[in-house]
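As a plain string of letters, each chain reads:
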Amino acid sequence: MTALCFFLALAFSLNSVVLSLDVSVQNQAFCQLGRSTNLNTLAVELAADSQLWLCDDDDIPLANICDWDFLTCGDDDATVSLIVFDDDAIEGSLPSTLCNLDGLVQLVVKNNKIGGSIPDCIGNMSTLATIDFESLPNLVGDMPHELELLTGLGVIKFISLDITGTIPTAIWTFTKLYILYLDDMQNLSHSVLPSDTFLPSLETLDLSYLPMSGRVTDLQLSASISQVPVLSRLSLLHIDIIGALPPNLGLFTNLVTLQLEELTHLTGTIPTNIFNLVGMTLLVFADLPNITGTIPSDFSKMTDLNVFFLQDMPLLTGSIDSSLGELTDLISVIMRNNPLMNGSFPEPLIGHPLIVQLDMSDMPLVTGSIPTAVGSMAECGIFNIQNTAMNGTIPTEIGQLGQANFLRLSGNSFSSTIPSEIGAMGKLAGLDISNEPSLDGTVPDSLGSLAKLTALLLFELPEITGSIPSTLNGLSSLVIMNFFRMPKLTGTIPSDLGTGLTDLETLLLSNTSVNGPVPDTFGDMTNAFDILVSDNSLTGTIPGTLCLLNNLVELDFSFNNITCYDSCLFDRVDRLYGDEGVFSCPGGECS
């Protein structure tokens, strides 16, 4: 054998030994991982003859580990490159031998019952490019600072964890990092965003619900255009960011989503150049109490926008430009609780065929009316325009919102009547047409067709006349019925009203002109907590059937013409109210 052949044979032999050692170490790591968790028993449960996640006493797998559940091997079909433990049935802990997996590229552990702590030796896993720990309620211990050794990481996700400690400062300098989620880890110690933070490869950044402070400019958001990284998704929620909102956010031309919420110390104005970003799909400004100035007036360039939130901005002024409603891809618009915003409601929004959520509530200076085009909103699930200065009639076309779950029209200046066509909104769960002083007419019988309705709020309607529709006993899903301060509501309570309201918890029927007896069928409202029927013209007695209501907490029939009530209610009801001198019936029972 020549010298060259000898050395080639020796090199091949050494490589085989190394490979054998690597496989042995890997096998041992996974065998011990199977024992420290319930993965071996899970595999058997999935298939009666399964040998997955099973090993002999010498830590030799009974089947090729590349065939095991939750694992993926690399091109060599021998070395595991990906672990994904995303199954709520997995429990146990992560052993330190996990760190011996030299070839592992991605480690994903989420949505399960894995406990213990993250092994400190994780810093030895030099091949890791992705580490993802999410929604692990049993995971404890400190955030491992050995993460600082993993400078090749491209993805870091730590979401909804109860771990303690601090965020390793070195991660803010990882040049290959392109996705960083640090979200909902409120047990961490307070940390400060380093002033020299610069992540040149960063595409996605989510810092939410963390005990963290700092300045937005510490993220190099004020860099010159030549230094702007490829950031496409930025979410900052409920952290103690201070200083002014950087005026050049619009220079991040790759931004697709921007979410700024609950940043109570953030100041400045909304940069107008943000609204030039044609690729933006989600734009959220919410609960930013110190942001001032006016809302930008032109949305026309944001042609890809799907979701727009602008809420809880007490110092923001200006009006809503009609160009917002002309964006064809919009599906959700939330603009609420902005008390200084004014102008007319942009009519193109009401009638937009793709919008599934429209909330323009609690803006008392915004005027306008509901156009008949509202009937074109075939996909709308939430329609909320309560507490504005809108007026006019409620068009009958509103009944064409067949997908609507919630309809809230309260606190405006609408006139005319409550459209009976609302009864055709078969998916409606919540209906609120209250505090409308100019609405007249009657309560439509058709409301009794809303089988999925859980909340019916028709209070403070002083011009509504007629009586309570007997059809309302068909609202078997109803949880709350509020007919408060309807002084022109007359007639008797339908005798069978309680029969169908078996899920009802709160009945508020006060300050009306309803008369006659309290129906015995009130005793069929078995889930009732509160029955408040004061300030009416009710007569007779409070029936003993109410003693069957074991959940009843408050019963108020004061300021009526009730003569007595059953003495059993003394023991059943915590808060019992009636007119002075009207107590239990003679003989202790109501006749």
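It should be emphasised that the depicted structure is a prediction, and the values quoted were computed from it without experimental measurement.

Attention now goes to the confidence of the model for the protein chain. With 91% of its residues at a pLDDT of at least 70, the protein chain reaches an overall mean of 88. Below a pLDDT of 50 lies the segment residues 4–21, which in the model reaches 1 contact outside its immediate sequence neighbourhood of four places, other chains included. Under a pLDDT of 50 for its full length, residues 587–591 has, in the predicted model, 11 contacts with residues more than four places off or in other chains.

Judged by how many residues are buried, strand β6 (residues 130–136) sits mostly within the fold: 6 of 7 residues are covered. Strand direction decides the pairing type here: strand β4 (residues 106–110) and β6, joined by 5 bridges, are parallel. Bridge assignment links Val109 to a residue of β6, and that residue is Phe133. Sheet analysis places β6 next to strand β7 (residues 155–161), joined by 6 bridges and oriented parallel.

A word on empty space enclosed by the protein. Scanning the entire structure with this criterion turns up 2 cavities of 30 Å³ or more. By volume, the second largest cavity amounts to about 30 Å³. Val518, Phe522, Ile531, Val533, Ile542, Leu546 and Leu555 together form the lining of the second largest cavity. Grouping the amino acids of the lining of the second largest cavity by side-chain chemistry returns 7 nonpolar, no polar and no charged.

The subject of this paragraph is the sheet that holds strand β34 (residues 537–542). If you walk across this open sheet you meet the 3 strands as β32-β34-β36, and the pairing is parallel. Only two strands of the sheet have a single neighbouring strand rather than two, namely β32 (515–517) and β36 (561–565). Each adjacent strand pair in this sheet contributes to an overall mean axis angle of 10°, direction not counted. Sheet topology note: the β32/β34 ladder contains 3 bridges and is parallel. Across the sheet, Asn515 pairs through a bridge with Ser537, a residue of β34.

This next bit is on the state of the cysteines. The full count for this structure, using the stated rule, is 3 disulfides. Shown here is the disulfide that connects Cys66 with Cys73, its sulfur atoms set 1.9 Å apart. Since a negative S-S torsion denotes a left-handed disulfide, the Cys66-Cys73 link at about -90° is left-handed. The exposure class assigned to Cys66 is buried, which follows from its relative accessible area of 13%. The class for Cys73 is buried, based on a relative accessible area of 15%. Disulfide partner of Cys99: Cys121, at an S-S distance of 2.0 Å. Here Cys99 and Cys121 share a disulfide; its torsion about the S-S bond, 75°, makes the bridge right-handed. Placement of the pair is Cys99 in the loop between β3 (91–93) and β4 and Cys121 in the loop between β5 (113–115) and β6, with a sequence separation of 22 residues.

With that settled, the discussion passes to the side chain of Asn384. In this fold, Asn384 is placed in strand β22 (residues 382–384). Asn384 gets classed as buried once you look at its relative accessible area, which sits at 5%. For Asn384, the side chain forms a polar contact with the side chain of Asp359, separated by 3.4 Å. Among the polar contacts made by the side chain of Asn384, one reaches the main-chain amide nitrogen of Gln386 at a distance of 3.1 Å.

Definitions and limits used
Residues numbered from 1 in each chain as written. Predicted model: local features only at pLDDT ≥ 70, side-chain atom pairs only at ≥ 80, totals over all residues. Heavy atoms only, no water. pLDDT = per-residue confidence, 0-100. Contact = heavy atoms within 4.5 Å. Buried < 20%, exposed > 50% of the residue type's maximum accessible area, 1.4 Å probe, protein only. Helix = DSSP H or I, 4+ residues; strand = E, 2+ residues; numbered from the N terminus. Pairing = 2+ DSSP bridges. 1 Å grid on protein atoms, 1.4 Å probe; cavity = no way out; pocket = protein on both sides within 12 Å on 5 of 7 lines; lining within 4 Å. Points joined across faces, edges and corners; volume = space filled by probe spheres on them. Nonpolar A, V, L, I, M, F, W, Y, C, P; charged D, E, K, R; others polar. Axes fitted to C-alpha atoms, helices over the stretch in contact; angles between N-to-C directions. Disulfide = S-S within 2.5 Å. Polar contact = N/O pair within 3.5 Å; in protein donor to acceptor, adjacent residues only side chain to side chain.

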